[in-house]
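# Close look at the chain arrangement
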Amino acid sequence: MIQRFLSLLLPLFLLAESTQVSPIPLPTSYIQVIDIEEECDNDCLQAYLDEGKIFTFLALAKEKLECMELDDERMIYVGLLNIGSSSMTQDELRIAMILPYKLIGRYAYSTSNAVFAYLLTRNHPFVLKNFQIESEEPEEIARVLEEIKAEGFHHVIAPLTPRGANVIVESEEELNVFFPTIHSDDLNSTSENIYFGAIDYQAQIDRLTPKATSPLVIFYDKSPKGKKLYMQTKESYLDSNESFQKSSREEVYASLDEEYTPDLEPTKRRVIAYGIDRKTTNLKWHLEGNEKIQFGSFFLNTPVIKTTMILSQFTTYDTNVTNILSTQINYDPLMFSMTQKQDRDEMYIANSINVNNNTLIEANSLLSNDIVYDWINYASTVGADYFYHTITHTERTYQLPMIDNQVLYPISIVKPAGTRFEVVEQGELPQYDMNISVDETLRAPL
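Residues numbered from 1 in each chain as written. Predicted model: local features only at pLDDT ≥ 70, side-chain atom pairs only at ≥ 80, totals over all residues. Heavy atoms only, no water.

### Considerations on the state of the cysteines
- Taken as a whole, this structure holds one disulfide when the rule is applied.
- A sulfur-sulfur separation of 1.8 Å characterises the disulfide bridge that pairs Cys40 with Cys44. The S-S bond linking Cys40 to Cys44 shows a torsion near -105°; that makes this disulfide left-handed.
- Judged by its relative accessible area of 23%, Cys44 is partly exposed. (Disulfide = S-S within 2.5 Å. Buried < 20%, exposed > 50% of the residue type's maximum accessible area, 1.4 Å probe, protein only.)

Below you can see the structure in the form of structure tokens.
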């Protein structure tokens, strides 16, 4: 029922995607109980929903409900209908977004939708404005930052590349800026007003490499990101065994990139790496009759389309696989539609998208947006939630630690089994109180 109801409101969402803020605020609705018993348990509330009596349900469900499913429905309707309460502050929450459309493509739209969907569900007046930049040149970044300040914004979500983020890190001291696309390890920043939300690929690799056996066969695409993941994987694997002595590393390195030393000592770890061009579609030369990779572990640092091609050819060329390992890059439902079950039987994927909220999933789905599998959209939502918490001092939706200005994500290990990803090792984080010790630098005016 709720999906049909949401579809009727789709035109309103499409109009709301403009980068210009309308001077006319959305009307706030208030619902009052008339001639109805105010005591209503969960079964009673569910009955009103089942009968389509949405406003009666909302009138009776004024506060957060203990039943998670009912509260999810309540929050979706509250956000969509802009339901107000007598105690709700009328101060607008103001967040700006810097969007380099030419550089990040579809993410310029999807991250904006993710933040919009989040704010819509919080039942709080807000202004979300997108500021488009043509490039990440210092002059263009300086221009947009001054424009943001002139319009009275104090909090910015910026899905930039490392180049653009570095310009802001080196120059900006006033605005609170959250980068959903950047990990703190990628930039040298000690600024208290700069926050990072990208997942930690190095931590994911470190979680996976202890599962690898020798030889470790690494497939990677030849992009800068692919080459970086390859080097991180190689180093992590060679360092993951304490008995592996650094004095033997040079001999092992000599076996990289097609070279093979058959008389290597059994105690020494062997790494074989294959860089795959974007246009490569046939791996026969790498796989058919290749004895040196048999019964190895395969680490795939390749995008999902390329990964599915590699998996299918493992089967085609009778490659004996001990296991297949991959990072977040292949946590994608395309894995199920583009491979056969036997292709992925021994595959393990590291996943940091472990905390989701049904209300936010529904709101994003209405905008054809994904926060379940897309980590950049997910991280943008986490950033919006962190800013909302620091501004309003309300409890965070995403209970993820912000340590040294970097969001920490638990890392689970999942298998693409059947038609869904099954968790085989649940990710955990140290315990933190996420709702205290709010950074004073974030307590700027709304």
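### Remarks on the packing of aromatic side chains
- Tallied over the entire structure, the rule returns 19 aromatic pairs.
- Pairing Phe219 with Tyr274 gives two aromatic rings, centres 5.3 Å apart and planes at 45°, and the pair type is tilted. Highlighted residues: Phe219 in strand E6 (residues 216-221) and Tyr274 in strand E7 (residues 271-276), separated in sequence by 55 residues.
- Consider the rings of Phe298 and Phe314, whose centres lie 4.7 Å apart with planes at 55°: the pair is tilted. Of this pair, Phe298 sits in strand E8 (residues 296-301) while Phe314 sits in helix H14 (residues 304-316), placing them 16 residues apart in sequence. Comparing Phe298 with Phe314 shows no difference in burial state: the two are buried.
- An aromatic cluster is built from Phe219, Tyr274, Phe298 and Phe314, whose rings are joined through pairwise contacts.
- The ring of Tyr107 has Arg106 sitting right over it, with the charged end atom 4.2 Å from the ring centre.
- Its end group placed over the ring of Tyr348, Lys211 keeps NZ or CZ at 5.6 Å from the ring centre. (Phe/Tyr/Trp six-rings, centres within 6.5 Å; stacked < 30°, edge-to-face > 60°. Helix = DSSP H or I, 4+ residues; strand = E, 2+ residues; numbered from the N terminus. Lys NZ or Arg CZ within 6 Å of the ring centre and 35° of its normal.)

### Regarding the pattern of salt bridges
- Under the criterion given, the structure shown has 18 salt bridges.
- Put simply, Arg143 and Glu140 hold a salt bridge, and the shortest N to O gap is 3.0 Å. With a gap of three residues between them, Arg143 and Glu140 both fall in helix H8 (residues 138-150), about one helical turn apart.
- Note on Glu140: relative accessible area 15%, which makes it buried.
- Between Asp345 and Lys341 there is a salt bridge, with its nearest N and O atoms 3.3 Å apart. (Salt bridge = Lys/Arg side-chain N within 4 Å of Asp/Glu carboxyl O.)

### Concerning the side chain of Asn130
- Within the fold, Asn130 resides in strand E2 (residues 126-132).
- Only 2.9 Å separates the side chain of Asn130 from the side chain of Ser112, close enough to count as a polar contact. (Polar contact = N/O pair within 3.5 Å; in protein donor to acceptor, adjacent residues only side chain to side chain.)

### Points about helix H10 (residues 201-208)
- For H10, every residue scored as buried is listed here: Tyr201, Gln204, Ile205 and Leu208. For H10, the angular spread of buried residues about the axis comes to 100°, placing them on one side.
- Where H10 is buried, its residues touch helix H11 (224-239), E8, strand E9 (321-326), strand E10 (347-351), helix H17 (375-392) and strand E13 (412-417). (Arc of directions from axis to C-beta. Contact = heavy atoms within 4.5 Å.)

### Some details on a nonpolar patch on the surface
- On the surface, a cluster of nonpolar side chains totalling about 240 Å² of accessible area is made up of Ile305, Leu334 and Met338.
- Following the sequence through the fold, Ile305 ends up in helix H14. (Patch = residues over 30% accessible without salt bridge, like charges linked within 9 Å, V, L, I, M, F, W, Y side chains within 5 Å. Areas by Shrake-Rupley, 256 points an atom, 1.4 Å probe, with all protein chains shown as cover.)

### Here's the deal with the packing of H10 against H11
- Following both chains from N to C, one finds H10 and H11 inclined at 40°, their axes separated by 9 Å at the closest point. Put simply, H10 runs oblique to H11. The handedness of the crossing between H10 and H11 is right-handed. Contact with H10, carried on its side by Tyr201, Gln202, Ile205 and Asp206, involves Lys225, Leu229, Gln232, Thr233 and Ser236 of H11 and no other residues of that element.
- Tallied by class, residues from the contact of H10 with H11 come to three nonpolar, four polar and two charged. (Axes fitted to C-alpha atoms, helices over the stretch in contact; angles between N-to-C directions. Parallel < 35°, antiparallel > 145°, perpendicular 65-115°, else oblique. Left-handed = near helix turned anticlockwise from the far one by under 90°. Nonpolar A, V, L, I, M, F, W, Y, C, P; charged D, E, K, R; others polar.)

### Some remarks on the sheet that holds E10
- Reading across from one edge, E7-E6-E8-E9-E10-E13-E14 is the order of the seven strands in this open sheet, with mixed pairing throughout. The strands lining the two open edges of the sheet, one partner per strand, are E7 and strand E14 (420-425). The sheet shows a mean angle of 25° between the axes of neighbouring strands, taken without regard to direction.
- Direction of pairing for E13 relative to E14: antiparallel, over a ladder of five bridges. Pairing of Ile413 across the sheet is with Glu425, part of E14. (Pairing = 2+ DSSP bridges.)

### As for the packing of helix H7 (residues 107-120) against helix H16 (residues 358-366)
- Where H7 meets H16, the axes come as close as 9 Å, and the angle between the chain directions of the two elements is 130°. By the angle class used here, H7 and H16 are oblique. H16 is crossed by H7, and the crossing has right-handed handedness. Every residue of H16 that contacts H7 at Asn113, Ala114, Ala117 and Tyr118 is listed here: Leu360, Ala363 and Asn364.
- Residues of the contact of H7 with H16, tallied by class, amount to five nonpolar, two polar and no charged.

### Digging into the pairing of E6
- Within E6, six of the six residues are buried, which leaves the element mostly enclosed by the surrounding structure.
- Neither face of E6 is open: one carries Leu216, Ile218 and Tyr220, the other Val217, Phe219 and Asp221, and all of them are buried.
- Pairing of E6 with E7, which is carried by six bridges, proceeds in the parallel orientation. Within E7, the position partnered with Val217 by the bridge is Ile272.
- In this structure, E6 lies alongside E8, joined through five bridges in parallel fashion. If you follow Ile218 over to E8, its bridge partner there is Phe299.

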